[in-house]
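Secondary and tertiary structure notes
As a plain string of letters, each chain reads:
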Amino acid sequence: MRFVIAVFTSRNETLYLANMFKSNGLYADVINTPKEAGQACGISVRFEERLLPVAQTFLKSKPFRSFYGFFRININGNQRFVEKI
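Below is a summary of the structure that appears in this document.

Each value, and the rule that gives it
- Residues numbered from 1 in each chain as written.
- Predicted model: local features only at pLDDT ≥ 70, side-chain atom pairs only at ≥ 80, totals over all residues.
- Heavy atoms only, no water.
- Helix = DSSP H or I, 4+ residues; strand = E, 2+ residues; numbered from the N terminus.
- Buried < 20%, exposed > 50% of the residue type's maximum accessible area, 1.4 Å probe, protein only.
- Polar contact = N/O pair within 3.5 Å; in protein donor to acceptor, adjacent residues only side chain to side chain.
- Phe/Tyr/Trp six-rings, centres within 6.5 Å; stacked < 30°, edge-to-face > 60°.

1. With respect to the environment of R50
In this structure, R50 sits in the loop between β3 (43-47) and α2 (52-61). Here R50 falls in the exposed class, since its relative accessible area comes to 61%. Looking at R50, its side chain comes within polar contact range of the side chain of E48, at 2.7 Å.

Right under this line is the structure:
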């Protein structure tokens, strides 16, 4: 399983981005931020990797001040790989 998360230091902005996905008919989920993603508010927005350009466009459209970064998550069996992109 492979997906991307958007990590913020503000819960409010995390939820705002998730709502932007949903209001545009795109699937996104709010999940607990993996500890490997660093200091954050504790929750992140998860979405399919193919939607990364859409997420980048959303971030440019509003003043998201607490955006920390995008991370690719790859889960292979019991192993989880987290990489900043």
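So that's the structure; there's more coming.
2. Some thoughts on the packing of aromatic side chains
Describing an aromatic ring pair means giving the distance of the ring centres and the angle of the ring planes. Counted according to the given criterion, the structure contains eight aromatic pairs. Considering the side-chain rings of F21 and F47, the 5.0 Å spacing of their centres and the 25 degrees angle between planes classify their relative orientation as stacked. Of the two residues, F21 sits in helix α1 (residues 11-23) while F47 sits in strand β3, which places them 26 residues apart along the sequence. Accessibility assignment for this pair places F21 and F47 in one class, buried.

Interpretation in functional terms is not warranted from these geometric data alone.
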